[in-house]
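Observations on chain architecture
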Amino acid sequence: MAWFSRNRSVTLTAVAIIVAAYVFYAINQRVAVSMIDFAWSFAVPLVLAACVGVMGERSGVINIGIEGQMLVGAFSGFFTAAATQSLWAGVIAGVLSGMLMGAFLAWTTVKWQMDQIIAGVVINIIATGLTSFYYKSGQSLTHVMPNIDIPLLSKIPLIGPVFFEGGPIALTTLVIVAILHFALFRTRWGLRTRAVGEYPSAADTAGINVIAMRLLNVTIAGGLAGLAGAYLSMEATPTFERGMTAGRGFLALAIMIFGAWRPLRAFAAALFFGFTSALASQLQASNIVSLPQQFINLLPYVLTLVVLAAAAGRVRPPAAAGQPFVKGEGS
Amino acid sequence: MPDKDVAPPPATPAAAPAVLERGAPPTPGGLWGALIRYQAIVVPVVGLVVAFVVGALLIRQQGVNPTYAYKTLFQSALFTRDGLNQTLQRTTPLIFTGLAVAVPLRVGLFNIGAQGQFIFGALAAAVVGYKLHSAPGIVIILVALLCGLLAGAMWASIAGFLKTSRGVHEVISTIMLNSIAVNIIDYLINNPFKEKGQAIPRTPQIAPQAFLNDMGIVPIGFPIAVILAVGTAWMLRRTTLGFQFETVGRNKAAAGYAGIKINKMILLAMALAGAFAGLAGGIETLGDIHRYESGFNANLGFDGITIALLARSNPVATIPAAFLVGALRAGASALQFDTGIQPEVVDMLLAITLLFVSLPLVAKLIFRRYAAKGSALTSGWGS
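Residues numbered from 1 in each chain as written. Chains lettered and ligands numbered in written order. Predicted model: local features only at pLDDT ≥ 70, side-chain atom pairs only at ≥ 80, totals over all residues.

1. Digging into the overall build of chain A
When you go through chain A residue by residue, the secondary structure sums to 14 helices and two strands. Taking 20 Å as the expected radius of gyration for a compact globule of 331 residues, we find that chain A reaches 20 Å, a close match to that expectation. Counting over 331 residues, chain A shows a buried share of 50%. Across chain A, the fraction of contacts at a sequence separation of at least 24, relative to all contacts at a separation of at least 6, is 76%. (Helix = DSSP H or I, 4+ residues; strand = E, 2+ residues; numbered from the N terminus. Rg over C-alpha atoms; globule rule 2.2 N^0.38 Å. Buried ≥ 20, exposed ≤ 12 C-beta atoms within 10 Å, placed from the backbone. Contact = placed C-beta atoms within 7 Å.)

2. What to know about the overall build of chain B
When its secondary structure is counted, chain B shows 17 helices and three strands. Counting only residues that meet the buried cut, chain B has 48% of its 383 residues in that class.

3. Details of the nonpolar core
Counting 213 residues, the largest nonpolar core has V47, A50, C51, I255 and A270 of chain A together with A269 of chain B as the members making the most contacts within it. Among the elements that line this core, the one with the most residues is helix α3 (residues 29-58) of chain A, at 16 residues. I255 of chain A has contacts with L46, A50, A266, A269, A270 and F273 of chain A, leaving out every residue within four places of it along the chain. (Core = buried A, V, L, I, M, F, W, Y, C linked by C-beta atoms within 7 Å.)

4. Some words on the interface of chain B and chain A
Quoted interface sizes are often the accessible area lost when the parts come together. Each partner contributes to the interface: chain B provides 41 residues, whereas chain A provides 42 residues. Listing elements by their share of the side of chain B that touches chain A, those giving two or more residues are α8 (137-166), α9 (170-190), α14 (300-310), α16 (345-358) and α17 (360-367) of chain B. Broken down by element, the side of chain B that touches chain A gets its largest block of residues, 11 residues, from α9 of chain B. The residue inventory of the side of chain B that touches chain A, partitioned by class, reads 25 nonpolar, 11 polar and five charged. (Nonpolar A, V, L, I, M, F, W, Y, C, P; charged D, E, K, R; others polar.)

5. Brief notes about the packing of α3 of chain A against helix α13 (residues 263-285) of chain A
Working note: a packed helix pair is described by the angle between its axes plus the distance between those axes. Residue and element names in this part refer to chain A. Axis separation between α3 and α13 bottoms out at 7 Å; the angle between their running directions is 145 degrees. Crossing hand, α3 versus α13: right-handed. Contacts between α3 and α13 involve M35, F38, A39, W40, F42, A43, L46, V47, A50, C51 and V54 from the former and P263, A266, F267, A270, L271, F273, G274, F275, S277, A278 and Q282 from the latter. For the contact of α3 with α13, the residue count by class is 19 nonpolar, three polar and no charged. (Axes fitted to C-alpha atoms, helices over the stretch in contact; angles between N-to-C directions. Left-handed = near helix turned anticlockwise from the far one by under 90°.)

6. A closer look at the environment of I36 of chain B
Summarising the element assignment, I36 of chain B is placed in helix α3 (residues 30-37). The sequence separation of I36 of chain B and A371 of chain B amounts to 335 residues, and the corresponding C-alpha distance is 7.5 Å.

7. A closer look at the packing of helix α5 (residues 87-111) of chain A against helix α11 (residues 210-236) of chain A
Residue and element names in this part refer to chain A. Relative orientation of the contacting elements α5 and α11 amounts to 145 degrees, with a least axis distance of 6 Å. Judged by the sense of rotation from one axis to the other, the crossing of α5 with α11 is right-handed. Partitioned by chemical class, the residues of the contact of α5 with α11 number 19 nonpolar, 10 polar and two charged.

8. Regarding helix α11 (residues 240-250) of chain B
All names here are of chain B. For α11, the complete set of buried residues consists of Q244, F245, V248 and G249. Each buried residue of α11 lies within a common arc of 130 degrees when the element is viewed along its axis, so the set occupies one face. Each element contacted by the buried residues of α11 is listed here: α6 (81-106), α10 (221-238), α12 (252-257) and α13 (262-289). (Arc of directions from axis to C-beta.)

9. So, the environment of A16 of chain A
With respect to the helices, strands and loops of the structure, A16 of chain A is situated in helix α2 (residues 8-27). Between the C-alpha atom of A16 of chain A and that of W189 of chain A, which follows or precedes it by 173 residues, the distance is 33 Å.

10. As for the confidence of the model for chain A
Close inspection of predicted coordinates is inappropriate for parts of the model with low pLDDT. Counting all residues, the mean pLDDT for chain A is 88, and 98% of those residues have values of 70 or more. Across chain A, α11 of chain A holds the top mean pLDDT of 95, while helix α1 (residues 2-6) of chain A sits lowest at 71. (pLDDT = per-residue confidence, 0-100.)

11. Points about the confidence of the model for chain B
All names here are of chain B. In this model, chain B carries a mean pLDDT of 85, and residues with pLDDT of at least 70 account for 89%. In this model residues 1-22 is a low-confidence stretch, pLDDT under 50, and it forms nine contacts with partners more than four residues away in sequence or in other chains. Model confidence for the complex is summarised by a pTM of 0.86, with the ipTM given as 0.81.

12. Side note on unusual backbone geometry
All names here are of chain A. The backbone of Q85 shows a phi angle near 55 degrees, a positive value even though the residue is not glycine. In this structure Q85 comes out as exposed when scored by C-beta crowding, with 10 C-beta atoms within 10 Å. One non-glycine residue, W261, lies in positive phi territory at about 60 degrees. Following the sequence through the fold, W261 ends up in the loop between α12 (248-258) and α13. Looking at W261, the number of C-beta atoms within 10 Å reads 24, which means it is buried.

13. A short note on the environment of A271 of chain B
Mapped onto the secondary structure, A271 of chain B falls in helix α13. Through-space distance from the C-alpha of A271 of chain B to that of L150 of chain B is 8.8 Å; in sequence the pair is 121 residues apart.

What follows is the structure, encoded as structure tokens:
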């Protein structure tokens, strides 16, 4: 009961959304499944990227370079897959290159105290430059990652076919969100991470290695960004295009803030974004409203601003996010 | 910070008296001293040299002789009449977009939205330029530039307003506003402002009497940009407004206690930034493109970020930084034409230079204890 009174509004919202989804499902099964399916495939890279942001900022490092890390992941994943004709090799290459970019951010900002936002901007420029410089046209994959059905779970009405039937990266994303949420709030690693992000000098006094925690978290988070990129170039579509991340890394930062730096809420927020996109294209397709395509395209961005304007002030970022830590110069 | 007052025991007491530990050490004389005093210039130059070495490796890897590639690049950007004109043509709006990022940085705001503000300014100037086709040239030019300036300022003010009233971080809001601007403008040039009977979505050409011509090889906008950059530096150093800007940027709490209206400064700085970016768009439209067409001027706003950071948000330093970026961009197309090297190699060069300029480690490695302490430019989400 204590838990419920603390989380009342969140729980009630979640229940309301789930009930609404099933009412919708009862009214029109086919449209409901296709729209929520669309929403989820839109949300997968955003959820992963938002987790990248959460891991970084919970330990005190702002990551503006998610966009670039995703782009590098998508790029190296795709071209490795095209060269080896193995999608799995591609995914591994994507994750590893993402980790490399994560390590770059970690070392420049945590070890060498570079301004975190500038480091992120540098990552984005380098990623755009590298992926365009080495881009080769005419490469293609014959197919995307295979679909997998989870037995039993995929038979649940509505959420079964949407969440438990899909590509391996989408399925992994569910697991990652659940694990990250649990780890962040229920394990020793999580407590340490949050301590390092809230009050590093206190954490340092308590014997936690602040620098090591930050290096580790930001580097691992980079791997998730690489996975998000791999999703784009190997699971959602079998192609790589220049600049194909198209601002998703930044959208993910907004989702992270909207989700109050919590993986599960970020997951819900990303689904909400996906659903509004699905709604807009559904309305367009069925001629209920006729908006120019450009206005449909800008909907997620406007929504981001509206949502942030509503959410900002109610949520609080980790206190030390953005500040370098120098041992012995506690604030 | 109690630890700082406790000076560590000097290794050789005679050479390093305790006084030295408190402030900056006295700089030695001679060449070494000069290098230390001008490290704000030395560090970028070192970064540039390293960037060109790395760039040479990238170019060699593509099977092209780096010396030949660089020779082509600079020859075509600087040592031909047309090339130098091209370079200055590109430098002009870049000085403005550099200022559009540098000025808010002084107030502690990171304006990533120069691109959106820039394209709104460019479109506004183009629309005025063709709608007023029968007016005298000077009238069109002034009205078009004013509209461009206002369009940019208004677009940037949305971000300023969201920041002051709702606490939305400007990095996110300006990025979103960039994407929104691209879509709105795409709609506008496809519908109300579209040139009739054209397959490509673009506005009609502006009236020919409103073209901003070149004076010799120097575009008219260039001296204006230089004057404005110097004027901005003067504003920041010598006026009350500049002092208020700097105070807010360095210490919000102190500024608040001193009675400076922080929100007003944030709104003003964003509006001013937007005005610079919008003016850049107007000058680009009147001086170079003569209409609005998407795909042109694709990166001028984003290059502003690189320029402002290279210049360490010093308005006067945006001039050489913009010239560097302008020359590299102008040379890159000749490089691609001649050798097939992708023009994105320029982005790599700039990113590496930027990395060197922004890494405190580099100055520390070169200058040891004489390294200038850079302050954090940007703030976290909360403040």
